[in-house]
Amino acid sequence: MFEKIKKMITKQKEDDTIELEEMKSNDNTQQVLEEDLTYIQYSAEAVGYENRENQWNVYKTIMQYIPEDASVLDYGCGRGDLQAFHLSEYNKELDYYGIDFNEPLINAGKEIYPDIEEKLLLSDWFKLPKNLAPRDWCVNIASSNLRYDADMKKDDFKYLQDTITSMYDNATQGVVLLLSSRMAAEGLVNHDPGRIFNWVQKKYQSVVLDHTVSKSGFCLIIYK
């Protein structure tokens, strides 16, 4: 009898130990998930920047070309941080829509910026919603330095041409793109500024290429 009770107690201790280990494992998993969510929602690195200061400086560069009170459609908006930057920097809300094909980032933006939840669109920028009216300006802040599509038949230059065409067609005043030209990181697209300028100038005429903004990239500005 005592031997049987002893075995039952031992078995219970083993079960309790297993349950405790499972609880610890679940806690660790939950902590990792929470850390991942925090990273996606708030980290500058999650949207391709070294830190928040660097991110804000890039946004300042882009916004210097945009007239005050102009509306903006952000191609490759990520979380929609450009809207948050504008509010913190100028104490004024930006008339803003953002579009991105990255669902985790769009969802993160909807969570942390509820005021623009309906203006963050999960979509391919070649397939914009038909009810989305053109904005004054379309911006593309380094989003064409990566390829998210799976179209192996379309080379990088053609992909950029189609992107610029879409942006131009959906802007009433102009287009601004920040593009890389000498980035060493694997997977990034390095653009030929001369080739791009020649094509854009021939097609749209009123164009500026600004190399002063970065040692490894340039801004392309097209006026309508």
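Here's a quick rundown of the structure. Keep in mind that what you see is a predicted model, and the values were worked out from it rather than measured.

On to the overall build of the protein, then. Each helix and strand in the protein was counted, giving six helices and seven strands. Reading the secondary structure of the protein in the N-to-C direction produces α-α-β-α-β-α-β-β-α-β-α-β-β. Burial status across the protein gives 41% buried among its 224 residues. In the protein, once contacts between residues fewer than 6 apart in sequence are set aside, the share between residues at least 24 apart is 65%. Only carbon and sulfur atoms are counted for the fraction: they give 50% of the accessible area of the protein, which is about 13500 Å².

Strands sit in the order β3-β2-β1-β4-β5-β7-β6 across an open sheet of seven strands; the sheet is mixed. The outermost strands of the open sheet, each flanked by one partner alone, are β3 (120-122) and β6 (207-210). Going across the sheet, the axis of each strand differs from the next one's by a mean of 15°, ignoring polarity. Two strands pair when backbone bridges link them, and strand β1 (residues 72-75) and strand β2 (residues 96-100) are joined in this way by four bridges, in the parallel orientation. Bridge pairing in β2 links Val 72 to Tyr 96.

Under the criterion given, the structure shown has nine salt bridges. With a shortest N-O distance of 2.8 Å, Asp 156 and Arg 147 are connected by a salt bridge. Overlapping salt bridges bring together Arg 52, Arg 79 and Asp 81 as one network.

Soluble globular proteins tend to bury their nonpolar side chains together. The biggest cluster of nonpolar side chains holds 28 residues, and the ones touching the most others in it are Ile 66, Leu 82, Tyr 96, Val 139, Ile 141 and Val 176. Those elements that place two or more of their residues in this core are α2 (52-63), α3 (81-90), α4 (103-112), β4 (135-141), β5 (171-180) and β7 (217-223). Ranked by residue count, the leading element in this core is α2, at five residues. If you look at the next biggest cluster of nonpolar residues, it comprises 26 residues, including Leu 73, Ile 99, Trp 199 and Val 200.

Right, let's talk about the packing of α2 against α3 for a bit. The contact between α2 and α3 brings their axes to 10 Å, and the two run at 85°. Comparing their axes, α3 and α2 come out roughly perpendicular. Note on element contacts: α3 touches α2 through Asp 81, Leu 82, Ala 84, Phe 85, His 86, Ser 88, Glu 89 and Tyr 90, opposite Arg 52, Gln 55, Trp 56, Tyr 59, Lys 60 and Met 63.

In this fold, Gln 41 is placed in helix α1 (residues 2-42). Given the relative accessible area of 10%, Gln 41 is considered buried. For the pair Gln 41 and Gly 109, spaced 68 residues apart in sequence, the C-alpha separation works out to 6.9 Å. Once residues within four sequence positions are removed from consideration, Gln 41 is found in contact with Arg 79, Ala 108, Glu 111 and Ile 112.

Two aromatic rings, taken as a pair, are described by how far apart their centres are and by the angle between their planes. Inspection of the entire model under this criterion finds 13 aromatic pairs. Their ring planes at 40° and their centres at 5.6 Å tell us that Tyr 75 and Trp 125 sit as a pair that is tilted. Taken as a pair, Tyr 75 in strand β1 and Trp 125 in the loop between β3 and β4 lie far apart in primary sequence, 50 residues in all. With relative accessibility at 0%, the residue Tyr 75 sits in the buried group. Take Trp 125: its relative accessible area is 9%, and that puts it in the buried class. By the ring-pair criterion, three or more aromatic residues cluster together here, those being Tyr 49, Trp 56, Tyr 59, Phe 85 and Tyr 90. Taking the ring centre of Phe 157 as reference, the NZ or CZ of Arg 195 above it sits at 3.7 Å. Sitting over the face of the ring of Tyr 168, Lys 224 holds its NZ or CZ atom 4.3 Å from the ring centroid.

What counts and how
Residues numbered from 1 in each chain as written. Predicted model: local features only at pLDDT ≥ 70, side-chain atom pairs only at ≥ 80, totals over all residues. Heavy atoms only, no water. Helix = DSSP H or I, 4+ residues; strand = E, 2+ residues; numbered from the N terminus. Buried < 20%, exposed > 50% of the residue type's maximum accessible area, 1.4 Å probe, protein only. Contact = heavy atoms within 4.5 Å. Areas by Shrake-Rupley, 256 points an atom, 1.4 Å probe, with all protein chains shown as cover. Pairing = 2+ DSSP bridges. Axes fitted to C-alpha atoms, helices over the stretch in contact; angles between N-to-C directions. Salt bridge = Lys/Arg side-chain N within 4 Å of Asp/Glu carboxyl O. Core = buried A, V, L, I, M, F, W, Y, C linked by side-chain atoms within 4.5 Å. Parallel < 35°, antiparallel > 145°, perpendicular 65-115°, else oblique. Phe/Tyr/Trp six-rings, centres within 6.5 Å; stacked < 30°, edge-to-face > 60°. Lys NZ or Arg CZ within 6 Å of the ring centre and 35° of its normal.

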